Amino acid sequence: MAAAGPDPSGLPLAGGLLSVRLTPKASRDRIEAIETDAEGRPWLRVSVTAVPENGKANAALVALLAKTWRLPKGAFALVSGVTARRKTLRIEAATATVEDVAARLDALPRRPG
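The structure displayed is predicted, hence computed values, not measured ones.

Extensive coverage of strand β3 (residues 30–36) is indicated by the burial of five of its seven residues. Pairing of β3 with strand β4 (residues 42–47) involves six bridges; the strand directions are antiparallel. Paired with glutamate 35 across the strands is tryptophan 43, a residue of β4. Turn length for the β3-β4 hairpin, with the two strands adjacent in sequence and antiparallel, is five residues, and the turn residue glycine 40 shows positive phi of about 85 degrees. Taken together, the three bridges between β3 and strand β7 (residues 110–112) define a ladder with parallel strand orientation. Its bridge partner being in β7, isoleucine 34 is matched across the sheet by arginine 110.

Along the chain, threonine 88 falls in strand β6 (residues 86–94). What threonine 88 contacts, discounting residues up to four positions off in sequence, is Leu17, Leu18, Ser19, Ala77, Leu78, Val79 and Ser80.

Moving on to the pattern of salt bridges. Summed over all chains, the structure comprises 11 salt bridges. Between arginine 111 and glutamate 35 there is a salt bridge, with the nearest N and O atoms lying 3.4 Å from each other. Placement of arginine 111 in strand β7 and of glutamate 35 in strand β3 is noted, with a sequence separation of 76 residues between them. Arginine 111 gets classed as partly exposed once you look at its relative accessible area, which sits at 35%. Its relative accessible area of 13% is what places glutamate 35 among the buried residues. The partner of aspartate 37 in a salt bridge is arginine 41, and the shortest N-O contact between them spans 2.9 Å. The exposure class assigned to arginine 41 is partly exposed, which follows from its relative accessible area of 42%. Via salt bridges that share partners, Arg30, Glu32, Glu35, Arg45 and Arg111 belong to a single interconnected network.

Thresholds, definitions, all that
- Residues numbered from 1 in each chain as written.
- Predicted model: local features only at pLDDT ≥ 70, side-chain atom pairs only at ≥ 80, totals over all residues.
- Heavy atoms only, no water.
- Buried < 20%, exposed > 50% of the residue type's maximum accessible area, 1.4 Å probe, protein only.
- Helix = DSSP H or I, 4+ residues; strand = E, 2+ residues; numbered from the N terminus.
- Pairing = 2+ DSSP bridges.
- Contact = heavy atoms within 4.5 Å.
- Salt bridge = Lys/Arg side-chain N within 4 Å of Asp/Glu carboxyl O.

See the structure below:
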């Protein structure tokens, strides 16, 4: 993950892209696992109870990630996949926080897609 400059607190910022496969209208909100697609690309599998209407599922995704990783919702930006199940988000936060998120991702179960 590349450095992105200092945040208002003076801490250095880091950022990275996160690939997500989102399942809306699920029975509960949860971060499930890292899946690998047929081309060998990893995706974070996430489920939310929100419906995929008017950006509700995207908002629920950001809220879940922000709550789980203790980041402000503003640390996430949807880069691509607004109406698709597969999405790319950009995360910007203090370097130590991004490293913590990366460690949490490494600890998730892995499974083929």
